[in-house]
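The primary structure of each chain is shown beneath.
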Amino acid sequence: MKYSFKEKLRYNKTRQKNSPFATGYVFGVALYEDFPRQNTEFKKTVKEFIDTMKSSASGKDSDYEKGVMCGYRDAANERKAKAKDITRERKQARARDKFFAY
């Protein structure tokens, strides 16, 4: 069974106090969602932080880092899926308008 992004986020928010992975997941999602609204200095810091998390996520005791990377990835995939749906809807609307335009 595949869970939606919102379901994963809700699940990890409930586990946040007891699990380093869940804490990292929620932080990664927040980091990705806040990224476009920040200044260039903060964006540079975030990119460096993500690079650090990426390199340290391969260790045994790296649940927090893995959570950050998974949350960041899932938030990015959610944004891409929404953008793809919007593009598909626009194409369908254009095709419908062309069909009904005499």
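Structure shown above.
Since this is a predicted model, take the numbers as computed values, not measurements. (Residues numbered from 1 in each chain as written. Predicted model: local features only at pLDDT ≥ 70, side-chain atom pairs only at ≥ 80, totals over all residues. Heavy atoms only, no water.)

Chemist: Quick one: what's the story with the side chain of Glu 65, residue by residue and with numbers?
Modeler: Mapped onto the secondary structure, Glu 65 falls in helix H4 (residues 63-100). Of the side chains bearing the opposite charge, Lys 66 lies closest to the buried Glu 65, which forms no salt bridge; the N-O distance is 8.4 Å. Leaving out residues up to four positions away in the same chain, Glu 65 has contacts with Met 53, Ser 56 and Ala 57. (Helix = DSSP H or I, 4+ residues; strand = E, 2+ residues; numbered from the N terminus. Buried < 20%, exposed > 50% of the residue type's maximum accessible area, 1.4 Å probe, protein only. Lys, Arg positive; Asp, Glu negative; His and termini not counted. Salt bridge = Lys/Arg side-chain N within 4 Å of Asp/Glu carboxyl O. Contact = heavy atoms within 4.5 Å.)

Chemist: Please give an account of the packing of helix H3 (residues 40-56) against H4 that cites residues and values.
Modeler: Closest axis-to-axis distance for the H3/H4 pair is 9 Å, and the angle between their directions is 125 degrees. For the element pair H3 / H4, the angle class is oblique. Viewed along their axes, H3 and H4 form a crossing whose handedness is left-handed. When H3 is examined against H4, the residues Val 46, Phe 49, Ile 50, Met 53, Lys 54 and Ser 56 are found in contact with a partner set consisting of Tyr 64, Glu 65, Val 68, Met 69 and Tyr 72. Here the residues of the contact of H3 with H4 are counted per class, giving 8 nonpolar, 1 polar and 2 charged. (Axes fitted to C-alpha atoms, helices over the stretch in contact; angles between N-to-C directions. Parallel < 35°, antiparallel > 145°, perpendicular 65-115°, else oblique. Left-handed = near helix turned anticlockwise from the far one by under 90°. Nonpolar A, V, L, I, M, F, W, Y, C, P; charged D, E, K, R; others polar.)

Chemist: Let's hear about the pattern of salt bridges: which residues, and what values?
Modeler: Counted according to the given criterion, the structure contains 4 salt bridges. Residue Asp 74 is joined to Lys 8 by a salt bridge in which the shortest nitrogen-to-oxygen separation is 3.6 Å. Note that Asp 74 is positioned in helix H4 and Lys 8 in helix H1 (residues 5-15), a separation of 66 residues in sequence. In this structure, Arg 88 engages Asp 85 in a salt bridge whose closest nitrogen and oxygen atoms are separated by 3.2 Å. Remark: Asp 85 and Arg 88 occur in helix H4; sequence separation between them is 3 residues, near one turn of the helix. One continuous salt-bridge network, built from bridges that share partners, spans Lys 8, Arg 73 and Asp 74.

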